[in-house]
Every structure is written in C-alpha cells, then in structure tokens.
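Observations on the model geometry
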Amino acid sequence: MDITTPVRSIKGVGPKTEQLFQKTGIYTAGDLLLRFPREYARFPEPVSVCEAKEGMKCAVTLLVNGPVTIKRTRTMQVAVYQTLCQDVRMEFVWYRMPYVRSTLVSGKTFILYGTIQRKNYMLTMEQPAIYTPAQYDALSGSLQPVYALTAGLTNNLYKKTLRQVMAEDIPLTEYLPEAVRKKYDFRDYGKAVATMHFPADMDALANARRRLVFDEFFLFVLSMRLRKEQGQNIENQFPLKTEHLLAPLYEKLPYGLTKAQRRVMDEIQSDLCGTYIMQRLIQGDVGSGKTILAFFAMYLMSANGYQSAIMAPTEVLARQHYETFTGYCELFGLDIHVLLLTGSMTAKQKRRVYDRMQLYANAMIIGTHALIQERAMYDNLALVVTDEQHRFGVRQRETFFKKGNSPHILVMSATPIPRTLAIILYGDLDISVIDEVPARRLPVRNCVTGTGYRSKAYDFIRKEVEAGHQAYVICPLVEASEQMEGENVMDYSEKLKQALPDYIKVGILHGKMKPELKNDIMEAFAANQIQVLVSTTVVEIGVNVPNATVMMIEDAQRFGLAQLHQLRGRVGRGEAASYCIMMDTSSTNGENPRLAILNKSNDGFQIASEDLKLRGPGDFFGIRQSGDMLFYLADIYQDASVLRQASEEAAKILSEDRELADPEHQGLRRRLAQYKNDQPELFNI
C-alpha cells in the first residue's frame, strides 16, 4: 500500500463506504493520512446524576439497579433506563439499540457519555456512549480525534479505516532540510502526521502541529518569493494622463475622503503612471472605503481609453458592485459602460456581455470567477482588481493577469493583518493601508454577555425589526453533532421562530447549500424579505445590507477575534445605530480576555495586534481564525511566530541556493513542484 492506493482497496471499505469517503474528498490512502482532525475530544471527569446539568455534554456515573425497558413504536425499538438521584430524575434513551438491555447489567457501574437535555420535565441523555469505568478511565487521559464527516460516515469508522492505513507504515517523504529540522527541533514529517491523528498528549500534539504549520507557511512563502522575482519589472504599457481627472469627482462626492484614502489613492495613481506595472494590495478595515478607490482607479483607465475589471468573491457582491459603480457613474456624470458578468447568467446573456467587452474599449467590467473563464475575452484590459475579502487567490490573480497584455494589478483585502505579517503573506505585492474609517460611519455598539441575556436579546431583535431593521444570528455549526458542542443553524432557526412573532421572517444560510440557493437567500435578505438571518460564518463574505443593525453571535468564545470582527462588520453600514451581541456560552466565570478586546474596540488592526499578544503555544482549538485563507492547519494570528520563522528560512535558502540545485535541496525542489497540486485551495477560487 502507498499514498496512491484507492480507499476502496482498504479492508472493510465497500462501495457504499467508498462513496461516503469520496463525499468528504477522500479518494486514496494518502488523502486519509493528510486529512487531519477538525478538533479533539477530551472526556470530562464523570459526575453523578445529581451533578449533571442541562445543556452540557458530560459523563454520568450510573449504578444500574433495575432493568432496561424496551418500548416499541411503529418504526423502531427504543431502549429506556430511568434513575433517581435525590430529587433529580434522569432518563437515558437509545433508538434502534435493543441490545443495550443486555449490556447494562443490574448491579454493575457504567459511565454514560452524551449531551443532557430536558424533555418531558426530566433530564434526558439520548444515544449515550456506554463505557465500563476502566474503559472510560483509559479514554479520559487521551485526546480523541474528531473528523469532518458526512451523513452515514461515523467517526469510529473513519478512525478504524485510518488505523488500518497507518498499520501499513506508508513512507511519507521528508523534504525539509535537516539543518532546519534540527534548528527548530521538528520531528520527522511522517511521525508528525501520525501524531496529528493519535497524539499521546497535548505536548506531542502541539509539537506535531508546529512542524506541519511550518510546512504550510514555508512552502507558501517560498512560492511567493519566487513568484515576486518572476513578476518584477514588467514594463507599464498603458501610458496615462491623470492630471485634473480626479479633482472634479472628489468635489461631487457627498462626503470627503479621509486622509488615508487620499494617501492610498495617490500611491495608486503614482503606480499607474510609473515605469512598471502596479502590483498593489489595499489593506483596509471593514468600512474604510476601499471600493470607492477601486472605482477611481478604474475610472482613470476608462478616461484614458482602457478597459478595467473587478472580480468579487460572490455573485451577490458582484451584483452589488455593479449597482454601486453604475450609481457612481450617474453621480459623477460619466458616460462609461459598466458591464456585469456572472456564472448564473444564461448563455445568451453571457454572449451579449462578451460582445460588449469587445465593443467598448474603455468599459468597466464587474463579475465573479466568470471573468477569468476561457470565453471571456477582453479588448483592451489595463487594470484588474480582485476583491479578495481575505482570500489569497494567487492563481486567480495570475489567470486574470493573463487575460490582458500585462495589466496593472490591484488587490483589496479587509483582513486586519498586522503589517509585518501582511508583507510576508502578500510578498508579491506592494502594500497600502487605509488606517482610518470615514467619520460618517457610526461605530458599532458592542455587548458581551452570558446565556441568561438570550431572551432579552431576542426581545431586542424584535424591537429592531419592528423599527424596520434586520438582524443576523451566527451559529458555529450547520446541524447538531455528537462530536461538537455548540449552537447549530438548523435547530436554532426553529427555536428563534418560536421566540419571535410570526410576522418576522426567519431565514437560514450555511455553506452546505448550493451556490444558487445561497445567492437567492442573500438577495432576499438584502431586499428585507427575510428579517432575521440565522447563518454560519458564510455571511462573513457577503452582501452589503445597510438595513441590518444587529449581529448576534452564539458561542462567541469559539471564534477567532479576526473572524468576529469580520462578522461584526456586516452591520453598521447604514445611518442607524448598530449593535453586536456576543453570547459567551462557556462555563468559565469572569470576563473572557479576547472578547473583552473586541468589546472595547472597533479597530481591526488593534484587535489583531492585541490578539497576537494573548495567544500562546498550543492554543489552537475551536473555530479557525483564518479559515478563508485556506491553509489546512495554519492560522496567521495564533501561528504568527511560526510564520516569521518560515519566512526567515525561505529567504535564507533562496539567498544561498536560488535554483535549489544543492543535493540537500532536491527533495524540497520536488516538493515545491508538487505544491500547487497538493494545495489547490491556496491558488484557486
């Protein structure tokens, strides 16, 4: 067996199981090895029935002193066992598991592990796992991997299949130079991979993860440095006359640009008139005014007879840019053709846009990834803008670039990355920072609270909706999970419908939906056909809804601060006061230091900087900070020190061996050549 062995060839994997694995993107033994757990379950200390609390996942010590009852419904058998501890009655329920009756032997003690709910006026634990005290004791000191699954594929089956692959001891080629491994005390690549799945303890897990995070950053930074060298000094083939073009537009704006916007626009204008093409990143916090600068840059192109194009990460956002740019042209009295091209357009609609792209030599073209598809041909493309919304999208930029004759490149990002890290991550671009928010934008009012405030929060949402506004409610999960605790969109939306009046329309949105359905829901929300949207973090990259004034985030302590800040940026976009309610559902008493940072500041760069100070080694559980950056393990905030180390080592190796020709670097050279295929998410849309 090797890493290319089909998953079907693994013992115990039949056609149906193979299909389930393929649904999660696993086709080979190598895919299994390199798909790491999304989190690790740590079994809590057992408690008595009297100590068990509603809403908690816990282990209950149970002395069985009576029989298990089997109830029969029309479709299944249900095993039920009830016990009484002082005045606390608890019921344990197993569906389609009648054999539990012979497992729970009267007179013996067991540990039952599961989530406690209140049903029929008593505490209930459904489908609990059953352990003997010895079995549970063995688990309580370990970290149990929890994988991203699909319906029908259980965590136990996943682990069983993975263990069979690991028993074959498949060699994973080491490529990192020995000097680097020794310098940072990194374990062998293969051992690090194995430890990520089944760590002996937290220290072993932290060390293995540090090695693999270094790998992700190292290969990324190395490829960025090589790319920048290849892309430098491309001559500017688009001579511009910009004098007196922008001043009349500035005067017609209903608001003044901030000093930061003026400074960045001057940098863009200087680049566009320079000897070499522009390759610049505009890094600005949510609401700092990046879009108007992109419009001004595209206007300079149109005024000089050139085409420009801006690509948005979602279709809804592309349509919104189209409406915004069309509005700007009307405001400024500009006779410029603004075109929209998206993937959901019919073939006839697309052909019409393609024809206009050939007809209008100075058009502003707005769209999604449809802009870089083969049939999209440009007549005179001089500037490409990518609204990345904290996606790196390296290959999409490159493909976009090749659509024209070496056009200028402008990238916009709303991620509040400290400048030192941004220089590393966007190593192929010059960086401009908009470090001011327009005075007209009202700061969002923040509130961090416990679950006791939830009913008041619902009442507050009701009042905001009755005042004509809308609200977001964010949950960490799509649906209920046995492995992960936390609010989920499906159940929460039903709970919210019960808590709010019938005239308030509650909608749901999550990443498992088809793109067309997500677009429809976001458009309905933008049109106020949905008043309260219950969603996962998929709204982080979303449409601008100025009418939304409330952002309520459940299980807020589980999200990274950068992500919380991005979510908060969905509100506060209109003229009305806006609010962010962060529900801290942790059982710890006292103020959460990270949420306190967010509560006291609306400055994304300050938040990112403070968050870095708080983070310590091995602090990597919970929801990813930078999930949309599409590193599998690495997080630029919590792993900032590793990112810097990887950058230093990449620079050192290239300074000593630019072509990676040294025999010691042959493995690295081969690994780098495979990198784009191994990590397509870093380079594709």
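Located above this text is the structure these notes cover.
A few points on the structure.

Scoring rules and cut-offs
Residues numbered from 1 in each chain as written. Predicted model: local features only at pLDDT ≥ 70, side-chain atom pairs only at ≥ 80, totals over all residues. Heavy atoms only, no water. Buried < 20%, exposed > 50% of the residue type's maximum accessible area, 1.4 Å probe, protein only. Helix = DSSP H or I, 4+ residues; strand = E, 2+ residues; numbered from the N terminus. Pairing = 2+ DSSP bridges. Right-handed = clockwise from strand over helix to strand, strands pointing away. Expected span 1.5 Å × (residues − 1). Disulfide = S-S within 2.5 Å. Core = buried A, V, L, I, M, F, W, Y, C linked by side-chain atoms within 4.5 Å. Contact = heavy atoms within 4.5 Å. Phe/Tyr/Trp six-rings, centres within 6.5 Å; stacked < 30°, edge-to-face > 60°. Lys NZ or Arg CZ within 6 Å of the ring centre and 35° of its normal. Polar contact = N/O pair within 3.5 Å; in protein donor to acceptor, adjacent residues only side chain to side chain. Salt bridge = Lys/Arg side-chain N within 4 Å of Asp/Glu carboxyl O. Axes fitted to C-alpha atoms, helices over the stretch in contact; angles between N-to-C directions. Left-handed = near helix turned anticlockwise from the far one by under 90°. Nonpolar A, V, L, I, M, F, W, Y, C, P; charged D, E, K, R; others polar. Patch = residues over 30% accessible without salt bridge, like charges linked within 9 Å, V, L, I, M, F, W, Y side chains within 5 Å. Areas by Shrake-Rupley, 256 points an atom, 1.4 Å probe, with all protein chains shown as cover. Lys, Arg positive; Asp, Glu negative; His and termini not counted. Charge placed at Lys NZ, Arg CZ, Asp CG, Glu CD.

Comments concerning the pairing of strand S13 (residues 364-367)
Neither face of S13 is left uncovered, since the one carrying Met364 and Ile366 and the one carrying Ile365 and Gly367 both have all their residues buried. Taken together, the four bridges between strand S11 (residues 307-311) and S13 define a ladder with parallel strand orientation. From the neighbouring strand, isoleucine 310 faces S13, where its bridge partner is isoleucine 366. Across four bridges, the pairing between strand S12 (residues 338-341) and S13 is parallel. The residue bridging leucine 340 from the neighbouring strand is isoleucine 366, located in S13. Remark: the S12/helix H13 (residues 347-359)/S13 crossover connection has right-handed handedness.

A word on unusual backbone geometry
For arginine 96, which is not a glycine, the phi torsion comes out positive at approximately 55 degrees. Position of arginine 96 among the secondary structure elements: in the loop between strand S5 (88-95) and helix H3 (100-103). Residue arginine 96 is classed as exposed on the basis of its relative accessible area, which comes to 54%. The backbone of aspartate 169 sits at a positive phi, close to 55 degrees, despite the residue not being glycine. Mapped onto the fold, aspartate 169 is located in the loop between helix H5 (155-167) and helix H6 (178-183). In this structure aspartate 169 comes out as exposed when scored by relative accessible area, which is 63%.

Focus: helix H12 (residues 315-332)
What sets the pattern is the α-helix's 3.6 residues per turn: residues three or four places apart point alike. When the terminal C-alpha atoms of H12 are compared, their 26 Å separation across 18 residues agrees well with the 26 Å that a helix rising 1.5 Å per residue should span. Among all positions in H12, only Glu315, Val316, Leu317, Ala318, Gln320, His321, Phe325, Tyr328, Cys329 and Phe332 are buried. Among the residues trailing H12, glycine 333 stands out with phi positive, at a value near 70 degrees.

Overview of the state of the cysteines
Scanning the entire structure with this criterion turns up one disulfide. Here cysteine 50 engages in a disulfide with cysteine 85; their sulfurs sit 1.7 Å apart. With the S-S bond torsion at -95 degrees, the cross-link from cysteine 50 to cysteine 85 turns out left-handed. Of the two residues, cysteine 50 sits in the loop between strand S1 (39-41) and strand S2 (57-63) while cysteine 85 sits in strand S4 (residues 77-85), which places them 35 residues apart along the sequence. Residue class for cysteine 50 comes out partly exposed when judged on its relative accessible area of 25%. Summary of cysteine pairing: cysteine 58 is not part of a disulfide, and the nearest cysteine sulfur, belonging to cysteine 50, is at 12 Å. The class for cysteine 58 is buried, based on a relative accessible area of 7%. Take cysteine 580: it sits in no disulfide, and the sulfur closest to it among the cysteines is that of cysteine 447, at 9.0 Å. The buried category is assigned to cysteine 580, whose relative accessible area is 0%.

Looking at the nonpolar core
With 138 residues, the main nonpolar core has Phe218, Phe295, Phe296 and Tyr299 as its most contacted residues. Among the elements that take part in this core, helix H8 (residues 202-231) stands out by supplying 13 residues, more than any other. When residues no more than four places from it in sequence are discounted, the contact partners of tyrosine 299 are Leu245, Leu246, Leu249, Leu334, Ile336 and Met364. Core analysis: the next-biggest nonpolar cluster, separate from the first, contains 29 residues, Tyr472, Met522, Val571 and Leu595 among them.

Considerations on the packing of aromatic side chains
For any pair of aromatic rings, geometry is given as the distance between the ring centres together with the angle between the planes. Under the definition given, this model contains 22 aromatic pairs. When the ring of phenylalanine 43 is compared with that of tyrosine 131, the centres are 6.1 Å apart and the planes differ by 80 degrees; the resulting orientation is edge-to-face. Highlighted residues: phenylalanine 43 in the loop between S1 and S2 and tyrosine 131 in strand S8 (residues 129-131), separated in sequence by 88 residues. The class of tyrosine 131 is buried, set by a relative accessible area of 17%. Between tyrosine 250 and phenylalanine 296 the ring centres are 5.3 Å apart and the planes differ by 70 degrees, which places this aromatic pair in the edge-to-face class. In this pair, tyrosine 250 is assigned in helix H9 (residues 247-252) and phenylalanine 296 in helix H11 (residues 290-303), connecting sequence segments 46 residues apart. Accessibility expressed as a relative area gives 0% for phenylalanine 296, which makes it buried. The positively charged end of arginine 671 is found above the aromatic ring belonging to tyrosine 175, 6.0 Å away from the centroid.

Observations concerning the environment of threonine 154
With respect to the helices, strands and loops of the structure, threonine 154 is situated in the loop between strand S9 (144-146) and H5. Considering only alpha carbons, one finds threonine 154 and leucine 20, 134 residues apart in sequence, at a separation of 9.9 Å. There is a polar contact of 3.1 Å between the side chain of threonine 154 and the backbone nitrogen of leucine 157.

Considering the pattern of salt bridges
Tallied over the full model, the rule gives 22 salt bridges. Of the charged contacts, one joins aspartate 639 and arginine 209 as a salt bridge, the two residues approaching to 2.9 Å between their closest N and O atoms. Within this pair, whereas aspartate 639 is found in the loop between helix H21 (604-614) and helix H22 (640-656), its partner arginine 209 is found in helix H8, the two being separated by 430 residues in sequence. For aspartate 639, a relative accessible area of 6% corresponds to the buried category. Residue arginine 209 is classed as buried on the basis of its relative accessible area of 6%. A salt bridge links arginine 280 to aspartate 271; the nearest nitrogen and oxygen atoms lie 2.5 Å apart. The residues arginine 280 and aspartate 271 share a single accessibility class, namely buried. Because the salt bridges share partners, they merge into one network encompassing Glu174, Arg181, Arg211 and Asp215.

Things to note about the packing of helix H19 (residues 561-568) against helix H20 (residues 593-600)
A pair of packed helices is captured by two measures, namely the crossing angle of their axes and the spacing between those axes. Relative orientation of the contacting elements H19 and H20 amounts to 35 degrees, with a least axis distance of 10 Å. The element H19 and its partner H20 pack so that their crossing is right-handed. Touching Leu561, Leu564, His565 and Arg568 of H19 are Arg594, Leu595, Ile597 and Leu598, all from H20. Residue composition of the contact of H19 with H20, grouped by class: five nonpolar, one polar and two charged.

Thoughts on the sheet that holds S11
Two modes of strand pairing occur in sheets, parallel and antiparallel, and in both the strands are linked by backbone hydrogen bonds. In space, the seven strands of this open sheet follow the order S12-S13-S11-S14-S15-S10-S16, with parallel pairing throughout. Here the strands that pair on one side only, and so sit at the sheet edges, are S12 and strand S16 (430-434). Strand-to-strand twist across the sheet, computed as the mean angle between neighbouring axes with direction ignored, equals 20 degrees. As defined by bridge partners, strand S14 (residues 381-387) adjoins strand S15 (residues 408-413) across five bridges and the pair is classed as parallel. Its bridge partner lying in S15, valine 385 is registered against leucine 410. Taken strand by strand, helix H10 (residues 259-272) contacts strand S10 (279-284), S15 and S16, and its axis lies near 155 degrees from that of S16. Where H11 meets the sheet, its contacts fall on S10, S11, S13, S14, S15 and S16, and the angle it forms with S15 comes to roughly 165 degrees.

Some words on a positive patch on the surface
On the surface, a cluster of positive charge is made up of Lys348, Arg351, Arg352, Arg356 and Arg375. Within the secondary structure, arginine 356 sits in helix H13. Accessibility expressed as a relative area gives 31% for arginine 356, which makes it partly exposed.

Honestly, it's all geometry; don't read function into it.
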